[in-house]
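One letter stands for each residue in the lines below.
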Amino acid sequence: MAGDSDSVASSGLVSDDEMFASSSTTINDLFERPTTSECDDAVCLPRRKMKLKDEKLCGVCGDKALGYNFNAITCESCKAFFRRNALKDKTMVCLFENKCVVDIRTRRFCPACRIKKCFHIGMNRDMILDDSERKKRMSKVIENRAKREPTSTSSSEIHIKTEIDTDDSMSCEGNTELIRPPTPYGKSHGDKPEILFKHIPKHLLPANKSMYYTLSLEESSLLKDLTHAYQETLAAMPEMGPYSEEKKYNRAADLVNHSEICVRKMILFVKYLADFKLLSQDDQIAALKASVMKTVLLRSALFYIIEKDAWITPKGEIPSSILKKSTGFVSVHNNHVYYCRRVKSMAQDDLHIYSLLQALILFDPAGLNLTSREYVSTIQDKYLILLKHYMESKFSYDYSREYYVSALDRLSDLRVLSEEHAKILLQVNPVDVEPLMLEVLNLK
DNA sequence: CTAGCCTTGACC
DNA sequence: GGTCAAGGCTAG
């Protein structure tokens, strides 16, 4: 017979009481856990009032328990097991005689007997949140997170301000206490954990198709072309010899020259864009120059690997620490890495998002020396709407806002960060810089 | 899939 | 502020 969780749960028909006698009697005695029939009763519900002894053992397997889970005292693993399985429609089948012993050692052997025992000790599947309740919960989390962290720029500014105010940023030697390597996403190493954008788990996204925006043919085509352009240029890595030399980035000028590849790719990128071709030549150059630094920074986020705290390049991995080494600015390193992590946590590896952000950077009416500012603004609007619609098509109307706002926040971050990087340029000797970089960065 | 650890909101 | 009990994340 199958251990039909549904029927067992709803009817409380666990007939063979001896089935779990070996362990349940002891557990029952130790923790005065409610019997199945007691648990059907409403008396069982105000469980917060029930003070338990410090020592708690799982009613299912006897492992150490922290407290109640789904109306019964269980360990973490049985809690997770119940959550994963109690709502499954598929009936679990015991391969033996439906009387497997479930203890710490054997709990994994027979899911059917394990789930049966879960119900037997009073675990209640009604306490597992359903889709709408989970969604509600997640919305609350996101809402609170947004309240705690209203805008990203403010926190970046605090970082920068702190560094400037303390005036310690010029030296990395002897200043190790200021250098805090970023922690991998989701992990903390004693320091206050970073608050990064959290993606909505796929299973929480609405199943209803009407909750998603459908991109028009025109929009799909625009996005496809834009992403293709980005993929072929800025997102592409050239085939190069596999040599890895950290030493190559000893000076800030080395970093600037390293960015030349990015600038060349950027020039290729804009050549793909019909909107860009419509600008006057002067505006093309102005838009390019104004967005070089931001383009380099956004691209660096694309190639940043959070877990390794490094950028992947054709020459191998470059640890983020080279920023400190080559520039001497601890704050530059901290803020740049923080930026990369935030972009990455929001966009992950979605090239549509990167290419849309790239378009928004390029067609920025705030750029210096533009003659057709209004026209550039109109183009930017088009990509802003496309970004919004894309988020709605991917994450549903329910959740798109968080993604859209986060994406725009990353653009604000860029403004601050690129200004900060401009400081590096002041300490670069123009003699060491390649001619193309001298030109696009207006270095003399 | 499991299981341990983490994050979080609700409640006290 | 502390505790409890949900769900989330992820190494194994």
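Note that residues are indexed from 1 along each chain, following the sequence as it is written. Going through the entries in the order they are written, you letter the chains from A and number the ligands from 1. With the structure being a predicted model, the display of local features is reserved for residues of pLDDT at least 70 and the display and counting of side-chain atom pairs for 80 or more, all residues being used for whole-chain, interface and lining totals. Each side-chain value is worked out from all heavy atoms of the structure, with water and hydrogens disregarded.

Going by the annotation in an unreviewed UniProt entry, the name recorded for chain A is Nuclear hormone receptor HR96-like isoform X1, with Biomphalaria pfeifferi given as the source organism. The heading Subcellular location (unreviewed entry) in the UniProt record of chain A holds the text "Nucleus". UniProt positions are given in the numbering used here, feature names are shortened, and annotations may be inferred rather than shown by experiment. In its Sequence similarities (unreviewed entry) section, the UniProt record describing chain A reads: "Belongs to the nuclear hormone receptor family."

Caption draft 1: Representation of helix H5 (residues 111–120) within the structure. Whether a residue is buried, partly exposed or exposed follows from its accessible area with a 1.4 Å probe, protein chains only, as a fraction of its type maximum: under 20%, in between, or over 50%, in that order. In DSSP terms, a helix is any run of H or I states spanning at least four residues, a strand is any run of E spanning at least two, and both are numbered starting from the N terminus. Counting buried residues along H5, 9 of its 10 residues qualify, which places the element largely inside the surrounding structure. When we look at burial in H5, the residues that qualify are Ala112, Cys113, Arg114, Ile115, Lys116, Lys117, Cys118, Phe119 and His120. Where H5 terminates, the next one or two residues include Gly122, which has phi positive at roughly 105°.

Caption draft 2: Summary view of the protein's contact with DNA strand C. Residues are labelled near a given molecule or strand when at least one of their non-hydrogen atoms is within 4 Å of it. Neighbouring DNA strand C are 15 residues; Phe70, Lys79, Arg83, Met127 and Arg137 lie closest to it. Sugar plus phosphate, as a fraction of atoms of DNA strand C within 4 Å of the protein: 68%. Polar contact is defined as a pair of N or O atoms within 3.5 Å, subject to the rule that within protein one atom must be able to donate a hydrogen and the other to accept it, and that residues adjacent in sequence are counted only when both atoms are side-chain atoms. Between Arg83 and DNA strand C, the recorded distance is 2.8 Å, taken from a side-chain N or O atom to a base nitrogen. Contributions of two or more residues to the surface near DNA strand C are made by strand E2 (67–69), helix H4 (76–85) and helix H6 (131–148). If one sorts the elements of the surface near DNA strand C by residue count, E2 sits on top with 3 residues.

Caption draft 3: Local environment of the protein's contact with DNA strand B. The local shell around DNA strand B holds 16 residues, among which Glu76, Arg84, Arg108, Arg114 and Asn144 are the closest. Each atom of DNA strand B within 4 Å of the protein belongs either to a base or to sugar and phosphate, the latter forming 71%. Interatomic distance of 2.4 Å between a side-chain N/O atom of Glu76 and a base nitrogen of DNA strand B. Between a phosphate oxygen of DNA strand B and a side-chain N or O atom of Arg114, the distance comes to 2.9 Å. Within the residue set of the surface near DNA strand B, elements represented by two or more residues are H4 and H6. Under the scheme applied, nonpolar residues are Ala, Val, Leu, Ile, Met, Phe, Trp, Tyr, Cys and Pro; charged residues are Asp, Glu, Lys and Arg; polar residues are all the others, including Gly. For the surface near DNA strand B, a count of residues per class yields 3 nonpolar, 3 polar and 10 charged.

Caption draft 4: A look at the layout of surface pockets. Only protein atoms enter the 1 Å grid, on which a cavity is a set of points fitting a 1.4 Å probe that cannot get out and a pocket is an open set with protein on both sides within 12 Å along at least 5 of 7 lines, lining residues being those with an atom within 4 Å of a point. Grid points are joined across faces, edges and corners, and a volume is the space filled by probe spheres set on the points. Within this model, the second largest pocket holds a volume of roughly 610 Å³. Taken together, 24 residues make up the lining of the second largest pocket; nearest its centre are Lys289, Ala290, Ser291, Met293 and Leu368. For the lining of the second largest pocket, the elements supplying multiple residues, two or more each, are helix H12 (281–302), helix H15 (351–362) and helix H16 (373–426). Broken down by element, the lining of the second largest pocket gets its largest block of residues, 8 residues, from H12. When grouped by side-chain class, the residues that make up the lining of the second largest pocket number 14 nonpolar, 5 polar and 5 charged.

Caption draft 5: Summary view of the pairing of strand E6 (residues 310–313). As paired elements, strand E5 (residues 304–305) and E6 share 2 bridges and run antiparallel to each other. Within E6, the residue paired with Ile305 across the bridge is Ala310. The turn linking E5 back onto E6 is made up of 4 residues, and Asp309 within it adopts a positive phi angle of 50°. Strands are labelled as partners when DSSP assigns at least two bridges between them. Sheet topology places E6 next to strand E7 (residues 316–319); 4 bridges connect them, and they run antiparallel. Bridging from a neighbouring strand, Ala310 pairs with Pro319 of E7.

Caption draft 6: How the structure looks around the sheet that holds E5. The antiparallel open sheet is built from 3 strands, whose spatial order is E5-E6-E7. Single-partner strands in this sheet number two, and they are E5 and E7.

Caption draft 7: Quick peek at unusual backbone geometry. Phi at Phe70 is positive, roughly 50°, even though this residue is not glycine. Within the element layout of this structure, Phe70 appears in the loop between E2 and strand E3 (72–74). The exposure class assigned to Phe70 is buried, which follows from its relative accessible area of 15%. Notably, Gln348 is not glycine yet its phi reads approximately 50°, a positive angle. You can see Gln348 is positioned in the loop between helix H14 (330–347) and H15. Under the relative-accessibility criterion, Gln348 is labelled partly exposed at 41%.

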